[in-house]
Amino acid sequence: MHTFLPIAYFENQFIPFENAKISIATHALHYGTAAFGGMRGIPDPGNPNQVLLFRLERHCQRLSQSAKFLNYDLPADKLQQIIIDFVKKNKPSKSFYMRPLVYTSGLGVAPRLHNIEKDFFVYGLEMGDYLSPDGISCRISSWTRQEDRSFPLRGKISAAYITSALAKTEAVESGFDEAILMNSQGKVCEATGMNLFIVRNGHLITPGFEQDILEGITRDSILTLAKNFGIPTIERPIDKSELFIADEVFLCGTAAKISPVKQIETFKLPETRPITEQLKEKLSAITENKDPDYKEWISVIPLE
Ligand code: PMP
């Protein structure tokens, strides 16, 4: 079971998490007309009176953009202030994950985005490793990632996660840890809540935005790190067969961080992963605010 942070932001105020309740007639519950974010924070290893958040500004910007698809104007700077206040109220003492959600909060029946109230809440939970840091096994999903022509894939829209949920359960129930989904063009897309990278001949390769991926913030951070390390990076379509013969494959996301892949279907991947390890180590130092070159990615929140 999860350990939830004690205070939630709900209906414009901070209240105990267990009192934040919605009606069974809430529109978003029926149609998935909601969008969410996911952010990680940790207590500052160098100062117990402060908390470090990774790329707060970028996360708030993405959620504000997702809200636009719901016909809801939620400025990123407003969101950012609420998240900071949320952290100060909760004073988390362990590694945690925050889940802001914008949704159609009215009690209407017709699927629509106009003439229905919207709202926004935030709650949090303690979170350690989401996937095993030692390497995971993946299957190729029988489910295909949605296409941008029928779904706003630039937003993190709740309804899209039925596909992730189907793919994850299919993978786990058939003995794997995670699923890799192809897109409608039959190219490699991403996992159920993570973007995907492969390494071939010293090149770091990941599907581009035109491949129907979610515009992951960890993905963006990794591309920046790799460029600064001098690792050649390529954003291009990836074929399924490349996965099986790659030198390294890893998944990345806020919850999963960098998760090495050790097996895909029946193909075992090499056990040495120099580029994955180099990126992983750097990302972890940055999130602990130990790397002055990337200080602008970290928000330091004093707990008073
Ligand atoms: N793809 C999907 C479908 C996701 O849900 C996530 C998690 N937000 C990601 C990729 C990774 O995105 P990020 O690095 O911004 O967490």
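Keep in mind that this is a model prediction, so the values were computed, not measured.

(A) Geometry of empty space enclosed by the protein. Throughout the structure, instances matching the rule amount to 1 cavity of 30 Å³ or more. When its volume is computed, the largest cavity comes out at roughly 40 Å³. Along the lines of polarity and charge, the residues of the lining of the largest cavity split into 6 nonpolar, 1 polar and 2 charged.

(B) Geometry of the packing of helix α5 (residues 217-229) against helix α7 (residues 274-287). Two numbers describe how α5 lies on α7: the axes approach to 10 Å, and their chain directions differ by 110 degrees. One way to sum up the angle between α5 and α7 is to call them roughly perpendicular. Between α5 and α7 lies a crossing whose hand is right-handed. Along the contact surface, α5 presents T218, I222, L225, A226 and F229, while α7 presents Q278, L279, K282, L283 and I286.

(C) Main features of the layout of surface pockets. Here the largest pocket defines a volume of roughly 830 Å³. Secondary structure elements with two or more residues in the lining of the largest pocket: β6 (96-104), β7 (118-126), α4 (161-173), β10 (188-191), α5 and β14 (248-253). Of the residues that constitute the lining of the largest pocket, the class distribution is 19 nonpolar, 13 polar and 7 charged. Mapped onto the domain boundaries, the lining of the largest pocket takes at least three residues apiece from domain 1 (7-126) and domain 2 (136-287). Here the second largest pocket defines a volume of roughly 530 Å³. Lining the second largest pocket are 30 residues, and of these R40, K257, L283, S284 and T287 sit closest to its centre. Elements that contribute at least two residues to the lining of the second largest pocket include exactly β4 (39-43), β5 (50-54), β15 (257-264) and α7. In terms of residue class, the lining of the second largest pocket is made up of 13 nonpolar, 11 polar and 6 charged.

(D) Region of the structure containing unusual backbone geometry. One non-glycine residue with positive phi stands out, namely E11, at about 50 degrees. Within the fold, E11 resides in the loop between β1 (7-10) and β2 (13-16). Overall, E11 belongs to the partly exposed group, its relative accessible area being 43%. One non-glycine residue, N71, adopts positive backbone phi at about 65 degrees. On the secondary structure map, N71 appears in the loop between α2 (56-69) and α3 (76-90).

(E) Layout of the nonpolar core. Membership of the largest hydrophobic core comes to 30 residues, with the highest contact counts inside it found for L53, I83, V87, M98, V102 and F120. Those elements giving two or more residues to this core turn out to be β5, α2, α3, β6 and β7. Of the residues forming this core, the biggest block, 6 residues, is contributed by α3. Counting contributing residues, this core receives three or more from each of domain 1 (7-126) and domain 2 (136-287).

(F) Representation of the site of the ligand in the model. The ligand sits among 15 residues. The nearest are K156, Y161, I217, T218 and T254. One nitrogen or oxygen atom from the side chain of K156 is found 2.6 Å from a nitrogen atom belonging to the ligand. Between the ligand and the protein, one listed contact pairs an oxygen atom with a backbone N or O atom of I217 at 2.7 Å. Alone, the ligand offers 390 Å² of accessible surface; in the complex the protein occludes 96% of this. Placement of the ligand is best described as lying within the largest pocket. Among the elements of the structure, α5 and β14 are those that each provide at least two residues to the shell around the ligand. Grouping the constituent residues of the shell around the ligand by class yields 5 nonpolar, 7 polar and 3 charged.

Calculation criteria
- Residues numbered from 1 in each chain as written.
- Predicted model: local features only at pLDDT ≥ 70, side-chain atom pairs only at ≥ 80, totals over all residues.
- Heavy atoms only, no water.
- 1 Å grid on protein atoms, 1.4 Å probe; cavity = no way out; pocket = protein on both sides within 12 Å on 5 of 7 lines; lining within 4 Å.
- Points joined across faces, edges and corners; volume = space filled by probe spheres on them.
- Nonpolar A, V, L, I, M, F, W, Y, C, P; charged D, E, K, R; others polar.
- Axes fitted to C-alpha atoms, helices over the stretch in contact; angles between N-to-C directions.
- Helix = DSSP H or I, 4+ residues; strand = E, 2+ residues; numbered from the N terminus.
- Parallel < 35°, antiparallel > 145°, perpendicular 65-115°, else oblique.
- Left-handed = near helix turned anticlockwise from the far one by under 90°.
- Contact = heavy atoms within 4.5 Å.
- Domains from an automatic or database assignment.
- Buried < 20%, exposed > 50% of the residue type's maximum accessible area, 1.4 Å probe, protein only.
- Core = buried A, V, L, I, M, F, W, Y, C linked by side-chain atoms within 4.5 Å.
- Near = heavy atom within 4 Å.
- Polar contact = N/O pair within 3.5 Å; in protein donor to acceptor, adjacent residues only side chain to side chain.
- Areas by Shrake-Rupley, 256 points an atom, 1.4 Å probe, with all protein chains shown as cover.
- Sits in = over half its atoms within 2 Å of the grid points.

The values are spatial; any link to function lies outside them.
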